[in-house]
Structures are given as structure tokens and as C-alpha cells.
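Summary of the model geometry
Residues per chain are reported as follows:
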Amino acid sequence: MARGGQGLARVAVVARAGAAPMGWLGVIAAGAGLVPSGMTGRRIGVLGGAVLFIVAAVVVAASRRGRYAELARGAARAGKHDVLQDRAVTLRNWRRGHRWWLLLAFAAALASSFAVPAAGGMLLAGVGMGLWLKAGRLGRRERADGHLLWVRVDWLSSRGGAPAGKRVTAYRSTGAGAGDAGPGGGRRPTRATTAGRG
């Protein structure tokens with residue numbers, strides 16, 4: 001980084017990075033899990049899976065809520081030499097770092113179908129939904145506060161995650177036009193070219 005700048009990743013993008021892969025893998029595993037009748041039968045499996053989906057989504061969405069809020073309140077303005085990491089790079093780093101975990105979770109969801117059909121896949125999909133809801137809550141805060149939240153890349157975990165982990169001591173903030181991801185970490189309709197720190 002030139003002249004003391006830091007690499008910054010969007011907090012909401014890191015938070016939602018696992019939402020799509022977990023959601024789709026969960027849906028696939030749940031669909032495939034309906035093939036065997038399992039030990040409980042499909043009806044009980046689907047009903048149990050629905051409960052697991054809701055519980056997982058709520059728990060994941062609410063996890064570390066106070067920590068995120070605390071870091072957001074203390075966010076300092078990003079410096080002019082800080083480098084804003086592209087959304088695609090942040091997503092790729094997270095997914096590469098978690099690829100084996102995702103594969104194992106998918107395999108476990110499939111294997112569980114021989115006991116409780118579809119439940120494991122619906123649980124995995126629920127985790128993905130929870131991450132999406134967490135990012136949505138961050139996006140609502142960013143809109144309300146009028147600025148975007150960023151975290152230093154070197155404070156993330158070795159897998160590119162944990163935007164509210166122990167290593168993170170503060171967030172940075174920029175204007176709403178900074179970077180290439182909108183509030184909540186979603187893709188902007190058109191790529192922003194300005195840093196938007198003003």
C-alpha cells in the first residue's frame with residue numbers, strides 16, 4: 001500500500017460472502033435428500049428441516065449483533081491512501097478460504113438425508129439465509145448513517161472472514177458512493193469510480 005494506506009474490505013460483503021454458496025448447496029442437498037425415505041420418512045424430514053431452517057437463519061442473523069454495532073459506532077474515516085478492495089475479490093477470498101468447509105458441509109447434509117430426509121440441506125440453507133439477513137441489517141444501518149463500513153483486510157481471518165472477530169478493533173467508513181458494492185454488500189447497478197470519502 002502506498003504511503004501508509006491500508007487495504008479495506010466491505011464489512012457487509014464479507015458478512016454475506018457465504019450466503020449464496022450455502023443457500024444453493026443447501027437447496028441442492030435438500031432436493032437430493034428427498035430421494036431416500038430415510039429413517040423418519042420424508043414428511044417428518046421436511047417438517048424438521050423447516051424448523052432447522054428458521055432456527056439457523058434467526059441464530060446466524062442475530063449472532064454478534066452487539067459487536068457489529070459497537071464497531072460501527074466507532075468507525076473512523078478512511079484515509080485518502082487506503083485502498084478499497086473490489087467486491088469480487090472479497091467474495092473470492094472468502095469462498096476460496098472456505099471451500100473445503102463448504103464441501104464438507106454439503107457432504108454432511110447429503111449424508112444426513114439417509115436418516116432425516118432434506119433436513120441437513122435445509123439447515124445449511126438456513127445458515128445462508130441468516131448471513132443474507134445479517135448483511136441486510138448492516139445495509140440498513142449504512143443507509144441510516146449515510147456511510148459505508150469497511151474493515152482492514154489484514155484483520156480478517158486467514159480464510160478471509162470474521163469481520164467482527166477478535167482481531168478487528170475498529171471499522172473505517174467512507175461515503176455512500178465508495179467502492180463497487182452498495183449498502184448491504186450487494187452489487188451496484190453501475191460500477192462506482194470515485195472513492196466517495198467526502
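Quantities reported herein were computed from a predicted structural model and do not represent experimental measurements.

Let us look at the overall build of the protein. When helices and strands are counted, the protein shows seven helices and five strands. Counting helices and strands in the order they occur from the N terminus, the protein gives β-α-α-α-α-β-β-α-α-α-β-β. Its C-alpha atoms put the protein at 60 × 35 × 30 Å along the principal axes. Taking all 198 residues of the protein together, the buried fraction comes to 47%. Considering only contacts in the protein between residues 6 or more positions apart, those separated by 24 or more positions represent 81%. Element-wise, carbon and sulfur atoms account for 64% of the exposed surface of the protein, whose accessible area totals about 10,100 Å².

So, on to the sheet that holds strand 3 (residues 83–84). Read across the open sheet, the five strands follow the order 2-5-4-1-3; overall the sheet is mixed. Since the sheet does not close on itself, it has two edges, and those belong to strand 2 (76–77) and strand 3, each with one partner.

The next thing to look at is the nonpolar core. Within soluble globular proteins, side chains that are nonpolar tend to cluster in buried spots. Val 11, Tyr 68, Val 151 and Tyr 171 are the most contacted members of the largest nonpolar core, which totals 28 residues. Secondary-structure elements contributing two or more residues to this core are helix 1 (11–16), helix 2 (19–33), helix 4 (65–73), helix 5 (87–97), helix 6 (99–112), helix 7 (119–145) and strand 4 (147–152). Looking at which element gives the most residues to this core, the answer is helix 1, with five residues. Apart from the residues within four sequence positions on either side, Tyr 171 is in contact with Val 11, Tyr 68, Leu 71, Ala 72, Gly 74, Ala 75, Ala 76, Leu 149, Trp 150, Val 151, Pro 163 and Ala 164. Core analysis: the next-biggest nonpolar cluster, separate from the first, contains six residues, Leu 8, Ala 78, Leu 148 and Trp 150 among them.

Now for the pairing of strand 4. Counted residue by residue, strand 4 has six buried out of six residues, so it is predominantly covered. Pairing of strand 1 (residues 7–10) with strand 4 involves three bridges; the strand directions are antiparallel. Bridge pairing in strand 4 links Leu 8 to Arg 152. Both strand 4 and strand 5 (residues 172–175) contribute to a ladder of four bridges, which runs antiparallel. Looking across to strand 5, one finds that Leu 149 is bridged to Ser 173.

Glancing now at the confidence of the model for the protein. If pLDDT is low for a region, its predicted coordinates should not be looked at in detail. Of the residues in the protein, 93% reach a pLDDT of 70 or more, and the chain-wide mean stands at 90. Low pLDDT, under 50, characterises residues 191–196; the predicted model gives this stretch 16 contacts beyond four residues in sequence or across chains.

Moving on, we get to the packing of aromatic side chains. On inspection of all chains with the given rule, the structure shows zero aromatic pairs. Directly above the ring of Trp 150 sits Arg 10, whose terminal nitrogen or CZ lies 5.6 Å from the centroid.

On to the environment of Arg 172, then. Positionally, Arg 172 belongs in strand 5. For Arg 172 and Val 46, which are 126 residues apart along the polypeptide, the C-alpha to C-alpha distance reads 43 Å. Look past the residues within four positions of Arg 172 in its chain and what remains in contact with it is Gln 6, Leu 8, Ala 75, Ala 76, Arg 77, Ala 78, Asp 82, Leu 148, Leu 149, Trp 150 and Arg 152. A polar contact of 2.8 Å, which involves the side chain of Arg 172, links it to the side chain of Asp 82.

Phi angles above zero are rare outside glycine, and Arg 64 is one such case at about 60 degrees. Looking at the secondary structure, you find Arg 64 in the loop between helix 3 (42–62) and helix 4.

With that out of the way, let us pick up the layout of surface pockets. Vacant regions in the atomic arrangement are exposed by a probe of water-molecule size rolled over the atoms. The computed volume of the largest pocket comes to approximately 290 Å³. Every residue lining the largest pocket is counted, 19 residues in all, and those nearest its centre are Tyr 68, Leu 131, Lys 134, Ala 162 and Pro 163. Broken down by element, the residue count for the lining of the largest pocket peaks at three residues, all from helix 7. Considered class by class, the residues forming the lining of the largest pocket number twelve nonpolar, five polar and two charged. Approximately 230 Å³ is the volume found for the second largest pocket. Considering the residues around the second largest pocket, the lining is formed by 14 residues, among which Ala 19, Ala 20, Gly 23, Gly 128 and Trp 132 are closest to the centre. Among the residues making up the lining of the second largest pocket, the classes are represented as nine nonpolar, two polar and three charged.

Rules behind the numbers
Residues numbered from 1 in each chain as written. Predicted model: local features only at pLDDT ≥ 70, side-chain atom pairs only at ≥ 80, totals over all residues. Heavy atoms only, no water. Helix = DSSP H or I, 4+ residues; strand = E, 2+ residues; numbered from the N terminus. Buried < 20%, exposed > 50% of the residue type's maximum accessible area, 1.4 Å probe, protein only. Contact = heavy atoms within 4.5 Å. Areas by Shrake-Rupley, 256 points an atom, 1.4 Å probe, with all protein chains shown as cover. Pairing = 2+ DSSP bridges. Core = buried A, V, L, I, M, F, W, Y, C linked by side-chain atoms within 4.5 Å. pLDDT = per-residue confidence, 0-100. Phe/Tyr/Trp six-rings, centres within 6.5 Å; stacked < 30°, edge-to-face > 60°. Lys NZ or Arg CZ within 6 Å of the ring centre and 35° of its normal. Polar contact = N/O pair within 3.5 Å; in protein donor to acceptor, adjacent residues only side chain to side chain. 1 Å grid on protein atoms, 1.4 Å probe; cavity = no way out; pocket = protein on both sides within 12 Å on 5 of 7 lines; lining within 4 Å. Points joined across faces, edges and corners; volume = space filled by probe spheres on them. Nonpolar A, V, L, I, M, F, W, Y, C, P; charged D, E, K, R; others polar.

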